[in-house]
Amino acid sequence: MESPPALQAWYFFSNDLPDGEVIVPFKTDRGLAFAVRTGAMPEATLAALNETAEFVLGIGLAHLGHTEKPPD
């Protein structure tokens, strides 16, 4: 029996955020995504957040369960 794929967390730039929002988390079938308003942070910062999320989840310091939901 195969185990379900590990859930991921990642950040990406988007121009499709609600007015006034800088970052919006949302759950997908792959994990937790964070849409960040384009230009709200340097690309290097976004890349560092993605590296950190991959590391933290990869070593088990954090866990995304299938029943968790992002904050309101």
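In what follows, the structure referred to is the one given above.
Calculation rules
- In every chain, residue numbers begin from 1 and rise along the written sequence.
- For a predicted model such as this one, the threshold for reporting local features is a pLDDT of at least 70, and the threshold for listing and counting side-chain atom pairs is 80 or more; totals across whole chains, interfaces and linings nevertheless cover every residue.
- Hydrogen atoms and water are omitted, and side-chain values are computed over all heavy atoms in the structure.
- Joining through side-chain atoms within 4.5 Å is the link that ties buried Ala, Val, Leu, Ile, Met, Phe, Trp, Tyr and Cys residues into a set, and such a set is a nonpolar core.
- Relative accessibility under 20% of the residue-type maximum defines a buried residue, over 50% an exposed one, and the middle range a partly exposed one, all with a 1.4 Å probe and only protein chains included.
- A run of DSSP states H or I qualifies as a helix once it reaches four residues; a run of E qualifies as a strand once it reaches two. Both are numbered from the N-terminal end.
- In this scheme, strands are said to pair when DSSP sees at least two bridges between them.
- Here the axes come from fitting lines to C-alpha atoms, over the contacting stretch only for helices, and the angles between their N-to-C directions go from 0 to 180 degrees.
- Residues are treated as being in contact if the distance between any of their heavy atoms lies within 4.5 Å.
- Any pair of N or O atoms that falls within 3.5 Å is considered a polar contact. Within protein, one atom must be able to donate a hydrogen and the other to accept it, and sequence-neighbouring residues count only if both atoms are side-chain atoms.

Caption draft 1: Inspection of the nonpolar core at higher detail. The biggest cluster of nonpolar side chains holds 10 residues, and these are L7, A9, Y11, L32, F34, V36, M41, L46, A53 and L64. Mapped by element, the contributors of at least two residues to this core are β1 (8-14), β3 (31-37) and α1 (43-58). Looking at this core, the element that brings in the most residues is β3, giving 3 residues.

Caption draft 2: Region of interest: the sheet that holds strand β2 (residues 23-28). Pairing is mixed in the open sheet, where 3 strands are placed in the order β1-β3-β2. With one partner strand each, in any of the chains shown, β1 and β2 form the two edges of the open sheet. Averaged over all pairs of adjacent strands, the angle between strand axes in this sheet comes to 25 degrees, irrespective of strand direction. As paired strands, β1 and β3 are joined by 7 bridges and run parallel to one another. Looking at β3, one finds that Q8 is bridged to G31. On the sheet, α1 packs against β1 and β3 and is oriented at approximately 170 degrees with respect to β1.

Caption draft 3: Representation of the side chain of S14 within the structure. Structurally, S14 is set in strand β1. S14 gets classed as buried once you look at its relative accessible area, which sits at 13%. A distance of 3.0 Å separates a polar side-chain atom of S14 from the backbone nitrogen of D16. If sequence neighbours within four positions are ignored, S14 has contacts with A35, V36, R37 and T38.

Nothing here speaks to function; it is all geometry.
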